[in-house]
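# Examining the three-dimensional arrangement
What follows is the residue order along each chain.
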Number of protein chains: 2
Amino acid sequence: MAGTDRSRSGEVAAGEAPAIILVNPQLGENIGATARAMLNCGLLELRLVKPRDGWPNPTAEAMASGAIEVLEGAKLYDTIQEAIGDLDFVLATTARSRDQVKDAYTPKGAVAKLRWHIAAGGRAGILFGPERAGLLNDDVALADAIVHVPLNPAFASLNLAQAVLILGYEWFQSGDETPDETLVGTVIPASHEEREFFFTRLERELEEAGFLFPPHLVPTIRRNLRNMFTRARLTDQDVRTLHGVVTALVKKQGKRSSKD
Amino acid sequence: MAGTDRSRSGEVAAGEAPAIILVNPQLGENIGATARAMLNCGLLELRLVKPRDGWPNPTAEAMASGAIEVLEGAKLYDTIQEAIGDLDFVLATTARSRDQVKDAYTPKGAVAKLRWHIAAGGRAGILFGPERAGLLNDDVALADAIVHVPLNPAFASLNLAQAVLILGYEWFQSGDETPDETLVGTVIPASHEEREFFFTRLERELEEAGFLFPPHLVPTIRRNLRNMFTRARLTDQDVRTLHGVVTALVKKQGKRSSKD
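Residues numbered from 1 in each chain as written. Chains lettered and ligands numbered in written order. Predicted model: local features only at pLDDT ≥ 70, side-chain atom pairs only at ≥ 80, totals over all residues. Heavy atoms only, no water.

## Points about helix H1 (residues 28-40) of chain A
Taking 1.5 Å per residue as the helical rise, H1 of chain A with its 13 residues ought to reach 18 Å, and the 18 Å between its terminal C-alpha atoms agrees with that figure. Counting buried residues along H1 of chain A, 12 of its 13 residues qualify, which places the element largely inside the surrounding structure. Along H1 of chain A, the residues classified as buried are Gly28, Asn30, Ile31, Gly32, Ala33, Thr34, Ala35, Arg36, Ala37, Met38, Leu39 and Asn40 of chain A. Considering only its buried residues, H1 of chain A is in contact with strand E1 (19-23), strand E2 (46-49), helix H2 (58-63), helix H3 (68-72) and helix H7 (160-174) of chain A together with helix H7 (160-174) of chain B. Gly42 of chain A, located one to two residues past H1 of chain A, shows a positive phi value of around 75°. (Helix = DSSP H or I, 4+ residues; strand = E, 2+ residues; numbered from the N terminus. Expected span 1.5 Å × (residues − 1). Buried < 20%, exposed > 50% of the residue type's maximum accessible area, 1.4 Å probe, protein only. Contact = heavy atoms within 4.5 Å.)

Rendered as structure tokens:
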């Protein structure tokens, strides 16, 4: 996209991803860990509303593990209203269900909504409250909707940076096309012909070795062997390795027999 | 499930959820943060292979934020082989693509596979390597498959507890039925009759106030007003509040007019 302000990480331009807004964060460690989690997920825009220990904060830098571009680009605000003034769609993260009538999303539902708003040309953000108490009811009322992470109800309190990570993770996944299941490595699948050649040889060797017995079970044994190797989805190299294994075992057997 | 060993948190019995196996973890802080993330996600079974600083570790307890039951139940092993000996399906988390031919899953694909194995009566676990280097190639070879978290390729290194959280989060979500989008709060939706009564009153007041003008735009103005309030999905209480608002504004106008 020519003309937009691309970041160093090359992932997103400003406005193409939601801003992360930390309201009165207490610990520099958590701001640093938040920056790291954000950059992990391609989120670059950090906004801070009155961090308790001032800004910049060296403790944050120590915990950012290199996500310095996020910290250096952080913007400081005195109020939530100022921090969200230019945004069209703002989500408030909250652990508790509130006595307010509001749209509520899971993280997955939330990022779908965020993408919808951003695709329509809007700018979006996610509010996170201070470590102990979370967002106040009046803070939540400023937001367009609530996002709540379903977790173990007996132990649902998430660390601040962990909460940012979960939203960031869902954001990244919603734009990622990695298949949920794949086969990695240098894979040249063995052709049916190669596999058939190996099976035939294996069965011949086993027959000569007296393994295919008793006769009425032989068809089952053959099928089981074939299925076992088929489930392994053998590669080209695997079939060569298996030929070597059979050759070595046959040779060993020959050696042992000659010693007997 | 009578007869199974339920934990204090009441969430899962042993074997019903995957074990989290930390291989040579270096920092007690990360073991503690892992325990917290696990309990957040209803995972209780922690296995430690040769933690660098020995076990138990007071630093881990300080970072667990109350997830002490996970730390106290942690089992210690000398080798990965011993730690996974009783498991049927083991995933290895790895940031890098490996020169090994192996099934690879996203976290979402991984938990689907974990649930499949557990539902079939198997026991499962997830291996996480040490903080700096991650799992060795030979460690990965012990696992049945790989799980890889798609993240910003320019900054993909996750903190150990963050990696555990993402797998745990996906695990919990895959068993959770919270709808992705809902309306929270004490909601008694306003009936169409109540809404119609309010719209009619509002339009009458606006007509008397001279707002419905010019005549050829009146149908559009009426539709816009109705759509605006319809999108708000008014509750019973909202409609009463709006009646009060209209009454107050009309009264104020009356007061002002009488002063003029």
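Still to come is the rest of the account.
## Topic: the pairing of strand E6 (residues 124-128) of chain B
All names here are of chain B. Where burial is concerned, most of E6 is hidden: five out of the five residues are buried. Alternating positions in E6 separate into two faces, Ala124, Ile126 and Phe128 on one and Gly125 and Leu127 on the other, with burial throughout. The sheet contact formed by strand E1 (residues 19-23) and E6 spans four bridges and is parallel. The partner of Ile21 across the bridge, within E6, is Leu127. Sheet topology places strand E4 (residues 89-93) next to E6; four bridges connect them, and they run parallel. Each bridged residue has a counterpart across the sheet, and for Val90 the counterpart in E6 is Gly125. (Pairing = 2+ DSSP bridges.)

## Quick notes on the relation of the copies chain B and chain A
One chain copy maps onto the other through a rotation about an axis and a shift parallel to that axis. With an RMSD of 0.1 Å, the fit of chain B onto chain A corresponds to turning through 180° and sliding 0.0 Å along the axis. Both copies are brought into coincidence by an operation consistent with a two-fold rotation axis. Both copies contact each other with a shared surface, as 100% of the interface residues of chain B are interface residues in chain A too. (Least-squares fit on C-alpha atoms with pLDDT ≥ 70 in both.)

## With respect to the sheet that holds E1 of chain B
Sheet architecture is open: eight strands sit in the order E8(A)-E5(B)-E7(B)-E4(B)-E6(B)-E1(B)-E2(B)-E3(B), paired in mixed fashion. Where the open sheet ends on each side, the last strands, each with one partner, are strand E8 (181-184) of chain A together with strand E3 (75-77) of chain B. Neighbour to neighbour, the strand axes of the sheet diverge by 30° on average, direction disregarded. In the sheet, strand E5 (residues 102-105) of chain B pairs with strand E7 (residues 145-147) of chain B via two bridges, with the strands oriented parallel. (Axes fitted to C-alpha atoms, helices over the stretch in contact; angles between N-to-C directions.)

## Remarks on the environment of Asn40 of chain A
By secondary structure assignment, the location of Asn40 of chain A is in helix H1. Linking Asn40 of chain A and Ala67 of chain A, residues 27 residues apart in sequence, is a C-alpha distance of 8.7 Å. Here Phe155 of chain B takes part through its backbone oxygen, which lies 2.8 Å from a polar atom of the side chain of Asn40 of chain A. (Polar contact = N/O pair within 3.5 Å; in protein donor to acceptor, adjacent residues only side chain to side chain.)

## Quick word on the interface of chain B and chain A
With 59 residues of chain B at the contact, the number on the chain A side is 59 residues. Between chain B and chain A, the buried area comes to about 4500 Å², and carbon and sulfur atoms account for 54% of it. Taken together, the links from chain B to chain A amount to two salt bridges. Linking Arg233 of chain A and Asp103 of chain B is a salt bridge whose minimum nitrogen-to-oxygen distance equals 2.5 Å. Here chain B is connected to chain A by 24 residue pairs in polar contact (both at pLDDT 80 or more). Mapped onto the side of chain B that touches chain A, the elements with two or more residues apiece are helix H1 (28-40), E5, helix H5 (107-119), H7 and strand E8 (181-184) of chain B. Here the element with the most residues in the side of chain B that touches chain A is H7 of chain B; it accounts for eight residues. Classifying every residue of the side of chain B that touches chain A gives 28 nonpolar, 18 polar and 13 charged. Pairing geometry for E8 of chain A and E5 of chain B, over four bridges, is antiparallel. Directly across from Glu181 of chain A, in E5 of chain B, lies its bridge partner Tyr105 of chain B. (Buried area = accessible area lost by both parts, 1.4 Å probe. Salt bridge = Lys/Arg side-chain N within 4 Å of Asp/Glu carboxyl O. Nonpolar A, V, L, I, M, F, W, Y, C, P; charged D, E, K, R; others polar.)

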